[in-house]
Amino acid sequence: MTTLPSDTTLTESGLDLRSGQKRVLLIACGALAREILALIKANGWDHMDLQCLPANLHLYPDRIVTAVEQAVERNRDRYQRIFVVYADCGTGGQLQAKCADLGVEMVEGPHCYSFFEGNAAFAAHGDDETTAFYLTDFLVKQFDAFVWKPMGLDRHPELRDMLFGNYTKLVYQAQVEDPALKAKAQDCAERLGLAFEYRFTGYGDLEGALKAQSDRA
């Protein structure tokens, strides 16, 4: 049984569960480690290895492309297939272009909020969601590390209105049903001065994307 590191470790260092003996390698964001491992276990995908890059790369989206490229190049000779479990994630299409150059596939969608809800369902919200701020399970747990401190709100709470004045609600997309996480997400909404909306999404399109890779292995 795999023992996951803390969310702080997943944020700062990532996770390396490569054996080099399986057919498929998933190169993923550390923010998705728990969900991916849960899906691997539930579906018996024992031919898949997982390497997660530090989740805090999202604070510097331009670094995601380089980090993914380096991970693919280091591992391509050890696996039959590599699948990149990142969406565009603020790279402005650069990650998709790089994956195409490298000859590897990646998860579809602009960001994890979209594929967790389901890309079609998320797109259907259209303009109704332009003032929504999203959190997933991981981001609720790591709210201070990803939102509060990087934006300087821990030192200058007066910045809240300037940074979040155009938002109207915080949408918590829950992957698991956890009352404690829901309560923490509500607290995050209160700290940001936003209305709170709860959506249980489960794994959304992520499960289908990984199943498609498994079926081809």
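Please read these numbers as outputs of a predicted model, since none were measured by experiment. (Residues numbered from 1 in each chain as written. Predicted model: local features only at pLDDT ≥ 70, side-chain atom pairs only at ≥ 80, totals over all residues. Heavy atoms only, no water.)

Asker: Just checking my understanding: could you explain the packing of helix α2 (residues 33-43) against helix α11 (residues 205-216) for this structure?
Answerer: Packed helix pairs are specified by the crossing angle of their axes together with the interaxial distance, meaning the distance between the axes. Contact geometry of α2 with α11 gives a least axis separation of 11 Å together with a crossing angle of 55 degrees. For the element pair α2 / α11, the angle class is oblique. The element α2 and its partner α11 pack so that their crossing is right-handed. In this structure, α2 uses E35, I36, L39 and N43 to contact α11, whose residues at the interface are L206, E207 and L210. Looking at the contact of α2 with α11 residue by residue, the classes come out as four nonpolar, one polar and two charged. (Axes fitted to C-alpha atoms, helices over the stretch in contact; angles between N-to-C directions. Helix = DSSP H or I, 4+ residues; strand = E, 2+ residues; numbered from the N terminus. Parallel < 35°, antiparallel > 145°, perpendicular 65-115°, else oblique. Left-handed = near helix turned anticlockwise from the far one by under 90°. Contact = heavy atoms within 4.5 Å. Nonpolar A, V, L, I, M, F, W, Y, C, P; charged D, E, K, R; others polar.)

Asker: Even after reading the chapter, I still don't get the sheet that holds strand β5 (residues 105-106), so can you show me in this structure?
Answerer: Whether parallel or antiparallel, the strands of a sheet pair through hydrogen bonds between backbone atoms. Taken in spatial order, the five strands make up an open sheet running β1-β3-β2-β4-β5, and their pairing is mixed. Unpaired on one side and paired on the other, β1 (15-16) and β5 mark the two borders of the sheet. Where strand β2 (residues 24-29) lies against strand β3 (residues 48-53), six bridges are found, and the strand directions are parallel. Looking at the pairing, A28 lines up with C52 of β3. The strands touched by α2 are β1, β2, β3 and β4 (81-85); relative to β3, the strand with the most contacts, the crossing angle is about 175 degrees. Sheet strands touched by helix α3 (residues 62-75): β2, β3 and β4. Its angle to β3, the strand with the most contacts, is close to 145 degrees. (Pairing = 2+ DSSP bridges.)

Asker: Looking at this structure, I do not really get the sheet that holds strand β7 (residues 169-174). What am I missing?
Answerer: Ordered in space as β6-β7-β8, the three strands form an open sheet in which the pairing is parallel. In this open sheet, the two strands that pair with only one neighbour each are β6 (132-135) and β8 (195-200). For this sheet the average axis-to-axis angle between neighbouring strands, irrespective of direction, equals 25 degrees. Sheet topology places β6 next to β7; four bridges connect them, and they run parallel. Of the residues in β7, the one forming a bridge with L135 is Y172. Helix α10 (residues 179-192) contacts β6, β7 and β8 of the sheet and is inclined by roughly 160 degrees relative to β7.

Asker: Is there a simple way to explain the environment of A145 in this structure?
Answerer: Its location among the elements puts A145 in helix α8 (residues 143-148). Considered as a pair, A145 and T11 are 134 residues apart in the sequence and their alpha carbons are 8.4 Å apart. In contact with A145, not counting residues within four places along its chain, are L59 and P150.

In short, geometric facts, not functional conclusions.
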